[in-house]
Amino acid sequence: MKWVKRLYGICVYLVLANYILFITRHPFPLPLVIAGILLFCTAYVLYQILPVYRKKLTVRLQALSGGYELILVTGICAVAEVVFLIWFGSQRLSNWGEVVIFLFNILVAVILGFLMTLNSFLRIIAASTQISLLKRLAWLLLWWVPVLNLWLTFSICHKVRMEYEFELSKIELNEVRRENELCRTRYPVVLVHGVFFRDWQFFNYWGRIPKELIRNGCTVYYGKQQSAASVETSALELKERVLEIIRKTGCEKVNLIAHSKGGLDSRYAISCLGLAPYVASLTTINTPHQGCCWVDQVLTRCPKKLLSFVSAKYNRLFSKLGDASPDFQSAVYDLTHDHCSLINAKAVDCPGILYQSVMSRMKSPLSDGIPCNIGYLLVKHCEGVNDGLVCAGSAIWGKFLGYLETPGRRGISHGDMIDLRRENIKDFDVREFYVKLVKELKEQGF
């Protein structure tokens, strides 16, 4: 079916692009000529609007797949048209009138090809979540550069094809397991964010993860602490949020899944603020339980005035963005080794709660972009293997589920664990990781 549509698009383009040459060589009655133009123009427009259609696909994937199909068909048409025009130009031009008609035909072919290319470009740029901003700009600005434009086009088409196949496999997988409700746990899941972020409505800290959990039957809530505050303050906010969820839903307990500093906030709320009776499990993701020694190093070397300046700017900005009383300095100091040691002394594990942890590892600065690539080098110098912000050993707490990394050179960063860039990573599907994590909580009765 796919190749039938491609063949349809190729035929429509080639006929319409060379219609002038055809009717000048084979005269037809004017009504028939006009009918032919209307017919093939309609067919061309319909193909531009709907190059592919599959019921199960989302609008975004329809647009993405359509963009890929259009650029593929345009490439085939361009090669076929060039070959045809070279043959025709060398064999059939005998006077200036025919030359003028031939040149006009070339103009029509170029315009039709340009419209298909523009359509494919707009579809891909609007629908793809995996093409980098740099590559988009390069494609836009350097399309006229020979060889480079071909390389960019092939590179982008490959990325689009991989994205389409990846997302299609996700849709098919969820179709198969829809009725199983793999993630319908006994207690709802509360996702607890890390430092310097908020649970915004329009930019989810957890990327595509919550929707994937919900598709598989999970009930998901968010911690909704401030973006930056001391562990004690954030823990109190988290406690109030959990109690609010319990009051509204009538559930007895919750499963906490916490990323980065959110793990420290959760442990403190459970052990020091009386939240233990309302928590069934705590899973910490890349949490610096033993602190970040590189934070100690930075604070030691950073001028006090600079730290105060950055803190004041941050607090002012996030006050406007919704934080009640952001405290940049307290949040940073609570990530130091000494402060985490004090927290660990207070926040001892409570019986009856499942504590487990997991950690990812980057393999090089090229594994991710700013700030994790810079952080990787800094943490590597101070503490060794890390995820771009947290050293590997610092994240172990309770039952350790292991280190996550890819077979290749990519590695998995601190941001990758919350789908920060919404990037499909080869050999690691972060959404499936969380589905499996919650599925195992369900199987354990949580």
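Computed from a prediction, not measured in an experiment: that's the story for all the values here.

**Student:** I'd like a rundown of the nonpolar core, residues and numbers included.
**Tutor:** Of all hydrophobic cores here, the largest spans 45 residues; its most connected members are Leu256 and Ile270. It is helix α9 (residues 231–249) that provides the largest number of residues to this core, a total of six residues. Setting aside residues up to four positions removed in sequence, Ile270 forms contacts with Leu256, Leu275, Ala276, Val279, Leu282, Cys350, Ile353 and Tyr355. In terms of nonpolar packing, the next biggest core, distinct from the first, is built from 26 residues, Val189, Leu213, Tyr222 and Ile285 among them.

**Student:** Before we move on, could you go through the packing of helix α3 (residues 30–49) against helix α5 (residues 96–127) and cite the residues and values that matter?
**Tutor:** Put simply, α3 and α5 touch, their axes get as near as 10 Å, and they point 20 degrees apart. Compared by their axis directions, α3 and α5 come out roughly parallel. Judged by the twist between their axes, the crossing of α3 over α5 is right-handed. Of the residues in α5, those in contact with Tyr44, Tyr47, Gln48 and Ile49 of α3 are Leu112, Leu115, Met116, Asn119 and Arg123.

**Student:** Give me the lowdown on helix α16 (residues 430–443), citing residues and values where you can.
**Tutor:** Compared with an ideal rise of 1.5 Å per residue, which puts 14 residues at 20 Å, α16 spans 20 Å between its outermost C-alpha atoms and is within 8% of the ideal. Where α16 begins, the capping side chain belongs to Asp429, and its oxygen is found 3.1 Å from the backbone nitrogen of Arg431. Remark: Gly445 follows α16 within two positions and exhibits a positive phi of approximately 90 degrees.

Conventions we followed
- Residues numbered from 1 in each chain as written.
- Predicted model: local features only at pLDDT ≥ 70, side-chain atom pairs only at ≥ 80, totals over all residues.
- Heavy atoms only, no water.
- Core = buried A, V, L, I, M, F, W, Y, C linked by side-chain atoms within 4.5 Å.
- Buried < 20%, exposed > 50% of the residue type's maximum accessible area, 1.4 Å probe, protein only.
- Helix = DSSP H or I, 4+ residues; strand = E, 2+ residues; numbered from the N terminus.
- Contact = heavy atoms within 4.5 Å.
- Axes fitted to C-alpha atoms, helices over the stretch in contact; angles between N-to-C directions.
- Parallel < 35°, antiparallel > 145°, perpendicular 65-115°, else oblique.
- Left-handed = near helix turned anticlockwise from the far one by under 90°.
- Expected span 1.5 Å × (residues − 1).
- Polar contact = N/O pair within 3.5 Å; in protein donor to acceptor, adjacent residues only side chain to side chain.

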